[in-house]
Amino acid sequence: MKQSAPGGAGPVLFHQSLPSFAMPEWAAAAGYDGVILDLQHGELGLETACGILRSIPRDNAYTYARVGSLDPGPILRLLDSGARGIVAPTVESRSQTEALVAATKYPPLGGRSLGPSRPALYPGDVYTEAGNQAVSAIAQIETKAGVDRAEEIISTPGLDSVYIGPADLAVSHGLPGRGDWEDGPVREAIAYLREVTTAHGVTLGIYSGQPAYAAGLFADDLVDYVGLGIDLVLLNRAFGDTIAALGSARSTGSNS
């Protein structure tokens, strides 16, 4: 995450776990700034994810992919297809962060190789410098161990952003696996990670399932961007609301 959304508002992305080319287009039409293609969970495979990336306009700065591991091969394919950020899950050490940077950045910052990418993917006088500026290396901190080692993770040269996974972070503290915590160790971790990322010039994001909670984080200047909702959860909610509304209309005899 290297820049603010249009108008200076914090960017809002959604998690996509379904192999749909239409989903990012509909989300963008609704007002989302971007997408996190989720190759860690869900049904998205590498080939489909690369195809979806190529269907999204090249200048969308918030086209991210969350990978299942730090294997540089799939990361390279995703970047060459247009991913503007790679989210690495469950980062708990500096060595993992260095591996993320190595896979995501061109030399001298990393070890990404040059290949036939999309046309004009990184416009600039020096292609490798433009690519390193355009692509974000994003460490997902989602365990107590990751928070405890936040300083060594966030101070890693080449890291651009931290993304908080609140549900797994809660589980690592022995709490229920949910997000949108108003207090307790997860909320304390958000505030602490904000301090550390600010000190090192790194941005901070988080997953949230509730718009009001996300708005509160923005208002309190605790995060720079949010992942708001997952396609399957959003669809499930819409299906449930629609059937519930039908049931209510039938019970009242309304045809409105």
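The structure under discussion appears in the preceding block.
Residues numbered from 1 in each chain as written. Predicted model: local features only at pLDDT ≥ 70, side-chain atom pairs only at ≥ 80, totals over all residues. Heavy atoms only, no water.

S.K.: Could you give an account of the environment of L76, naming the residues involved and the relevant values?
M.R.: Within the secondary structure, L76 sits in helix α3 (residues 72-80). Sequence-wise, L76 and R112 are 36 residues apart; in three dimensions their C-alpha atoms are separated by 7.0 Å. (Helix = DSSP H or I, 4+ residues; strand = E, 2+ residues; numbered from the N terminus.)

S.K.: Requested: an account of helix α9 (residues 184-199), with residues and values cited.
M.R.: Every α-helical turn comprises 3.6 residues, leaving residues that sit three or four positions apart pointing alike. In a regular helix each residue adds 1.5 Å, so 16 residues correspond to 22 Å; α9 covers 23 Å between its end C-alpha atoms and thus fits that length. Every buried residue of α9 is listed here: V186, R187, A189, I190, L193, R194, V196 and T197. (Expected span 1.5 Å × (residues − 1). Buried < 20%, exposed > 50% of the residue type's maximum accessible area, 1.4 Å probe, protein only.)

S.K.: Residue-level account of the pairing of strand β3 (residues 63-66), with values.
M.R.: Side chains of β3 alternate between two faces, with T63 and A65 and Y64 and R66 buried alike. Bridge count between strand β2 (residues 34-38) and β3: 4 bridges; the pairing is parallel. From the neighbouring strand, V35 faces β3, where its bridge partner is T63. On the question of chirality, the crossover connecting β2 to the parallel β3 by way of helix α2 (residues 46-55) is right-handed. As defined by bridge partners, β3 adjoins strand β4 (residues 85-88) across 3 bridges and the pair is classed as parallel. The partner of R66 across the bridge, within β4, is V87. On the question of chirality, the crossover connecting β3 to the parallel β4 by way of α3 is right-handed. (Pairing = 2+ DSSP bridges. Right-handed = clockwise from strand over helix to strand, strands pointing away.)

S.K.: How would you sum up the nonpolar core? Please name residues and give values.
M.R.: L78, I86, I154 and L193 are the most contacted members of the largest nonpolar core, which totals 59 residues. With 5 residues, α9 is the largest single contributor of residues to this core. Setting aside residues up to four positions removed in sequence, L78 forms contacts with L39, L46, A49, C50, L53, A65, V67, A83 and I86. Counting 9 residues, the second-largest nonpolar core is a separate cluster that includes I36, A61, Y64 and Y163. (Core = buried A, V, L, I, M, F, W, Y, C linked by side-chain atoms within 4.5 Å. Contact = heavy atoms within 4.5 Å.)

S.K.: Got a sec to walk through the packing of α2 against α3? Specific residues and values, please.
M.R.: Packing of α2 against α3 brings their axes to within 8 Å, and their N-to-C directions diverge by 25°. Judged by the angle between their axes, α2 and α3 are roughly parallel. As for how α2 packs across α3, the hand of that crossing is right-handed. Contact with α2, carried on its side by L46, E47, A49, C50, L53 and R54, involves P74, R77, L78 and D80 of α3 and no other residues of that element. Tallied by class, the residues present in the contact of α2 with α3 amount to 6 nonpolar, no polar and 4 charged. (Axes fitted to C-alpha atoms, helices over the stretch in contact; angles between N-to-C directions. Parallel < 35°, antiparallel > 145°, perpendicular 65-115°, else oblique. Left-handed = near helix turned anticlockwise from the far one by under 90°. Nonpolar A, V, L, I, M, F, W, Y, C, P; charged D, E, K, R; others polar.)

S.K.: Can you break down the packing of aromatic side chains residue by residue, with the values?
M.R.: Scanning all chains against the criterion turns up 5 aromatic pairs. Cluster of aromatic residues (ring-pair linked, three or more members): Y106, Y122 and Y127. (Phe/Tyr/Trp six-rings, centres within 6.5 Å; stacked < 30°, edge-to-face > 60°.)

S.K.: Describe the sheet that holds strand β7 (residues 203-208), and please don't skip the residues or the numbers.
M.R.: An order of β1-β2-β3-β4-β5-β6-β7-β8 is seen for the 8 strands of this closed barrel, with the pairing classed as parallel. The mean angle between the axes of side-by-side strands here comes to 25°, regardless of whether they run parallel or antiparallel. The sheet contact formed by strand β6 (residues 161-164) and β7 spans 4 bridges and is parallel. From the neighbouring strand, S161 faces β7, where its bridge partner is T203. Against the sheet, α9 makes contact with β5 (136-141), β6 and β7, and its axis sits at roughly 155° relative to β7, the strand it touches most. Strands β1 (12-16), β7 and β8 (225-230) of the sheet are contacted by helix α10 (residues 211-219), whose axis makes an angle of about 175° with β8.

No statement about biological role is implied by the geometric values presented.
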